[in-house]
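Results of the structural survey
Chain by chain, the residues:
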Amino acid sequence: MIQIPSTQITVQTTRKYSLLEKLQFTILICVLLYFGKALLIPLSIALLISCILYPTCTWLEKKGINKAIAIGIAVLGLNLLFAAVAYLLFLQFANFSNEWQQLKIKLSDTFKQLGVYLASHFDINKEQQDAWLKNLADSSGAELIPFISFTLYSFSFTFVLIILIPILSALILYYHQMLVKVLYTLFPANQKEKIGEILHATVHTYFSFIKGMLLVYLIVGILNSIGLTIIGIPNPILFGFIASILTFIPYVGIMIASLLPIAISWITFNSIWYPLGVILVFTIVQYLEANVIFPFAVSNRLNINTLATIVAILAGGILWGGIGMILFIPFLGILKLIADKSESLKGISILLGTSSA
């Protein structure tokens, strides 16, 4: 296990900044993050990936493998892992699509029953319902072209990221010594050793954290799948592991992931007990994840309080959209690691920590 240096690191500053200067600096960072997201999002993902792969590359280099080859092996291995996960999910989606016709019929029957219910309880006849649906279709059709344009843009941007991010990760790993030297120039010369210790602790602690979290997601996905299988939900592996992956977004991800299996179970079985069963399974697994699995699997827990986590999720969503809700959590963890090692950032460490004293 990687040990974090216990010595308290003190980073001296040349002057104290006023509250107004700190506020101006914060606003400037937010503006840069928002308008520079097209560049900063792939760079951020690549930086996090390079932090994860750095210990592996270092280990391969110690075995006598050339630096460039070691980086290539590490990046290729990670790509193969993601490809394997994507392929397994694709197989589950293919299995789900085979049942779509049956689900479509049941969904149509459900809408007919809803129409009868509206007519009998709210005196909304079929003609009024058809007129409302026609107006909805017309308004949706007017927005169809912008929606298609946005979808094509998102797809093309994602495709570029898939190609670009591994290249950026490899380049960051290859030029990491140069980047560290540039970082050193931003601080006084007598602080180089201390900054190096902070970087070392941050990279290796985050690497250990990610390894633990991957184990957490695997265990949670298996437990979700077993629970959904027991209550008889179709495609339990697909829904179970989607819910596991989306738990990367704290609090919000599991609620989003539960909507589809709840809807499918309600349409398939036409009973309220199956959706309640899905909610019960996810609730039990999430309780086990928070109180048993996470503390057991993650040896170096970041100990970030709930308030800071929710604020990071909201800020990430506002500035970078859905991907920001994911990326801002590990960045908050890295900030907490740096703040724990720096006396000048003691206030941030207390603000992000879980201690209420």
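Once a new chain begins, its residue numbering starts again from 1 and follows that chain's sequence as written. Only residues with pLDDT of 70 or above have their local features reported here, since the model is predicted, and side-chain atom pairs are shown and tallied only from 80 upward, although totals for entire chains, interfaces and linings are computed over all residues. Side-chain metrics rest on all non-hydrogen atoms present in the structure, leaving aside hydrogens and water.

Digging into the overall build of the protein
What counts here: Secondary structure elements follow DSSP: runs of H or I no shorter than four residues count as helices, runs of E no shorter than two count as strands, and numbering proceeds from the N terminus. Under the scheme applied here, a residue whose accessible area is under 20% of the maximum for its type counts as buried, over 50% as exposed, and between as partly exposed, the area being computed with a 1.4 Å probe on protein chains only. We call two residues in contact whenever any of their non-hydrogen atoms come within 4.5 Å of each other. In these tables, accessible area is a Shrake-Rupley quantity obtained with a 1.4 Å probe, and a residue counts as shielded only by the protein chains included in the view.
Across its full length, the protein carries 14 helices and zero strands. Starting at the N terminus, the α and β elements of the protein follow one another as α-α-α-α-α-α-α-α-α-α-α-α-α-α. Sorting the 357 residues of the protein into buried and exposed places 34% on the buried side. Long-range pairs, those at least 24 residues apart, make up 69% of the contacts in the protein between residues at least 6 apart in sequence. Accessible surface for the protein amounts to roughly 22600 Å². Of this, 72% is attributable to carbon and sulfur atoms.

Concerning the confidence of the model for the protein
We apply this condition: The predictor attaches a confidence to each residue, and that confidence, scored 0 to 100, is pLDDT.
Considering every residue of the protein, the mean pLDDT works out to 77; 76% of them sit at 70 or more. The lowest-confidence element of the protein is helix H5 (residues 126-142), averaging 63 in pLDDT; the highest-confidence one is helix H2 (residues 37-62), averaging 88. The model gives residues 1-13 a pLDDT under 50, and that stretch makes 28 contacts with residues more than four places away or in other chains.

Remarks on empty space enclosed by the protein
So the rule is basically this: Throughout, the protein atoms alone are placed on a 1 Å grid, and a set of points is a cavity if a 1.4 Å probe fits but cannot get out or a pocket if it is open with protein on both sides within 12 Å along at least five of seven lines; lining residues have an atom within 4 Å of a point. Grid points are joined across faces, edges and corners, and a volume is the space filled by probe spheres set on the points. Note on residue categories: nonpolar means Ala, Val, Leu, Ile, Met, Phe, Trp, Tyr, Cys or Pro, charged means Asp, Glu, Lys or Arg, and polar means any other residue, Gly included.
Counted under the stated rule, the structure contains one cavity of 30 Å³ or more. Tyr54, Cys57, Thr58, Glu61, Lys67, Ile71, Leu173 and His176 together form the lining of the largest cavity. At the level of secondary structure, the elements contributing two or more residues to the lining of the largest cavity comprise H2 and helix H3 (67-98). Residue composition of the lining of the largest cavity, grouped by class: four nonpolar, two polar and two charged.

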